[in-house]
Amino acid sequence: MSKQEQQPRWTQTWLGGARAAGVDLGYPGQRLGLPEEGSGSVARFGRRIGALVIDWMICTWAIAQLILGVDVARQVWVPMAIFGLQYLLLVATMGQTFGHRLMGIRVAAMDGGNPRLLPVFVRTVLLCLAVPAVIFDRDQRGLHDRVSNTVTVRM
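Everything in this summary refers to the structure shown in the same document. (Residues numbered from 1 in each chain as written. Predicted model: local features only at pLDDT ≥ 70, side-chain atom pairs only at ≥ 80, totals over all residues. Heavy atoms only, no water.)

Re helix α3 (residues 45–67)
Logical step 1: Taking 1.5 Å of rise per residue, the 23 residues of α3 would be expected to cover 33 Å, and the 31 Å separating its terminal C-alpha atoms lies within 8% of that figure.
Logical step 2: Here α3 has its buried residues at Arg48, Gly50, Ala51, Ile54, Asp55, Cys59, Thr60 and Ala64.
Logical step 3: If you follow the buried residues of α3, they end up packed against α4 (77–94), α5 (98–103), β1 (105–109), α6 (117–129), α8 (143–148) and β2 (150–154). (Helix = DSSP H or I, 4+ residues; strand = E, 2+ residues; numbered from the N terminus. Expected span 1.5 Å × (residues − 1). Buried < 20%, exposed > 50% of the residue type's maximum accessible area, 1.4 Å probe, protein only. Contact = heavy atoms within 4.5 Å.)

Dropping the structure here:
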């Protein structure tokens, strides 16, 4: 193989990010001292989005429509309010929501324990805004995680 074939194409260096350019950034969570795989490792995007979908369905269908009888098409703020309240209460007390539990993940403070109430409140508000959750770093921590000094890990 020639030297030219070993070098990445110029489009791979900026389209594919630093890893495509040959920079080793390590695995997600390595900078935080977390394991690469298994319990305590950073929860990947698939598990996190799965937990979010489960929680949203519980808040929209089970609680808002079935229990409270709210027409969510007319009162679109009700499912978000229920989502925020259940997220705040469950993560602050147990470190996880129902969706997190089903997907095998939990929210942890950076010291390893359950996050405290104020950081969970800030995290919940930012999560409800949605944009901070889709801006994440190489450790797969969303902006809401970074601001509240938390990380979502596998159980």
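From this point, things continue past the structure.
Looking at the nonpolar core
Logical step 1: Grouped together as the largest cluster of nonpolar side chains are 13 residues, with contacts concentrated most on Ala64, Val78, Ile82, Phe83, Tyr87 and Val91.
Logical step 2: The element that contributes the greatest number of residues to this core is α4, accounting for 6 residues.
Logical step 3: Not counting the four nearest positions on each side in its chain, alanine 64 is found in contact with Cys59, Gly69, Val70, Val72, Val78 and Ile82.
Logical step 4: If you look at the next biggest cluster of nonpolar residues, it comprises 5 residues, including Leu34, Val42, Ala108 and Val153. (Core = buried A, V, L, I, M, F, W, Y, C linked by side-chain atoms within 4.5 Å.)

A closer look at the pairing of β1
A regular strand carries its side chains on alternate faces of the sheet.
Logical step 1: With 4 of 5 residues buried, β1 lies mostly within the body of the structure.
Logical step 2: The sheet contact formed by β1 and β2 spans 5 bridges and is antiparallel. For arginine 106, the partnering residue across the bridge sits in β2 and is valine 153. (Pairing = 2+ DSSP bridges.)

Examining unusual backbone geometry
Logical step 1: Of note in the backbone geometry, glutamine 140 takes a positive phi value of approximately 60° without being a glycine.
Logical step 2: Given a relative accessible area of 23%, glutamine 140 falls into the partly exposed group.
Logical step 3: One non-glycine residue, asparagine 149, adopts positive backbone phi at about 60°.
Logical step 4: Topologically, asparagine 149 is positioned in the loop between α8 and β2.
Logical step 5: Given a relative accessible area of 44%, asparagine 149 falls into the partly exposed group.

Looking at the packing of α4 against α6
Logical step 1: Look at α4 against α6: their axes get within 9 Å of each other, and the N-to-C directions meet at 150°. By the criterion of interaxial angle, the relationship of α4 to α6 is roughly antiparallel. The two elements α4 and α6 meet at a crossing, and its hand is right-handed. Taking contact as the criterion, the partners of Met80, Phe83, Gly84, Tyr87, Leu88, Val91 and Ala92 in α4 are, on α6, Leu117, Val120, Phe121, Arg123, Thr124, Leu127 and Cys128.
Logical step 2: By residue class, the composition of the contact of α4 with α6 is 11 nonpolar, 2 polar and 1 charged. (Axes fitted to C-alpha atoms, helices over the stretch in contact; angles between N-to-C directions. Parallel < 35°, antiparallel > 145°, perpendicular 65-115°, else oblique. Left-handed = near helix turned anticlockwise from the far one by under 90°. Nonpolar A, V, L, I, M, F, W, Y, C, P; charged D, E, K, R; others polar.)

Distances and angles like these do not, on their own, reveal function.
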